[in-house]
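# Inside the fold
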Amino acid sequence: MTPDDEDGAVLARSVGEPAAFAAIYERHAGHVLRYVRRRLGDAVAEDATTEVFVRAFKRTRGSARSTAARSGGSSATARPADFGGC
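Structural notes, computed from the coordinates. Small disclaimer: the values here were computed from a predicted structure and weren't measured.

### So, the nonpolar core
Core analysis: the largest hydrophobic core is formed by 13 residues, its most contacted members being Phe21, Ile24, Val32, Val36 and Phe53. Contributions of two or more residues to this core are made by helix 1 (3-16), helix 2 (22-40) and helix 3 (42-71).

### Topic: the pattern of salt bridges
Under the definition given, this model contains five salt bridges. Linking Arg37 and Asp42 is a salt bridge whose minimum nitrogen-to-oxygen distance equals 3.3 Å. You can call Asp42 exposed: its relative accessible area is 61%. A salt bridge links Arg55 to Glu51, with the nearest nitrogen and oxygen atoms 2.8 Å apart. Residue Arg55 and its partner Glu51 are located together in helix 3, separated by four residues, close to a single helical turn. Looking at Glu51, the relative accessible area reads 37%, which means it is partly exposed.

### Remarks on the packing of aromatic side chains
According to the stated counting rule, one finds two aromatic pairs in the structure shown. Taking 5.1 Å as the distance between ring centres and 75 degrees as the angle between the ring planes, the aromatic pair formed by Phe21 and Phe57 counts as edge-to-face. Separated by 36 residues along the polypeptide, Phe21 in the loop between helix 1 and helix 2 and Phe57 in helix 3 bring together distant segments of the chain. The class for Phe21 is buried, based on a relative accessible area of 6%. Here Tyr25 and Phe53 contribute two aromatic rings whose centre-to-centre distance is 5.0 Å and whose plane-to-plane angle is 70 degrees, an arrangement assigned as edge-to-face. Taken together, the residues span a long stretch of sequence, with Tyr25 in helix 2 and Phe53 in helix 3 at a distance of 28 residues. With a relative accessible area of 7%, Phe53 lands in the buried category.

### Details of helix 2
Most pronounced at His28, the bend in helix 2 amounts to some 50 degrees. Within the sequence span of helix 2, burial applies to Ile24, His28, Ala29, Val32, Leu33 and Val36. Gly41 sits one or two positions beyond helix 2 and adopts a positive phi of about 95 degrees.

Analysis parameters
Every chain is numbered independently, its residues counted from 1 as its sequence is written. Only residues with pLDDT of at least 70 are given local features in this predicted model, and only at 80 or more are side-chain atom pairs given and counted; all residues enter the totals for whole chains, interfaces and linings. Derived side-chain values reflect all non-hydrogen atoms in the structure, with water molecules and hydrogen atoms excluded from consideration. For our purposes a nonpolar core is just a set of buried Ala, Val, Leu, Ile, Met, Phe, Trp, Tyr and Cys residues, chained together by side-chain atoms within 4.5 Å. Relative accessible area decides the class of each residue, using a 1.4 Å probe on protein chains only: under 20% of the type maximum gives buried, over 50% gives exposed, and in between gives partly exposed. Helix and strand labels come from DSSP, where a helix needs a run of H or I of at least four residues and a strand needs a run of E of at least two; each type is numbered from the N terminus. The salt bridge definition used is simple: a Lys or Arg side-chain nitrogen within 4 Å of an Asp or Glu carboxyl oxygen. Note on ring pairs: Phe, Tyr and Trp rings are taken, using the six-membered ring of Trp, and paired if centres are within 6.5 Å. Classes follow the plane angle, with under 30 degrees stacked, over 60 edge-to-face and the rest tilted. Working definition for bend: take the seven residues up to and ending at a residue and the seven starting at it, fit an axis to each, and measure the angle between the axes.

This is the structure we're talking about:
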């Protein structure tokens with residue numbers, strides 16, 4: 001199983017079990033925080049990183065529901081491009 005496959009399974013599970021999204025945060029938050037620090041600076045990096053994951057959670061739950069309804073499963077990943085290029 002690739003990391004994208006693992007992310008997809010976690011995202012699918014988070015539709016019915018929102019706390020499961022924490023695994024996505026734990027896996028990717030450090031990378032996002034470092035990126036945001038380089039782009040925006042230390043002063044706003046933590047708040048911006050939090051906002052990225054809040055938006056990703058809301059967006060993924062909506063798209064995971066519609067994907068699951070259409071296909072009977074989830075092919076979602078948690079790569080930054082999948083969250084609108086964050």
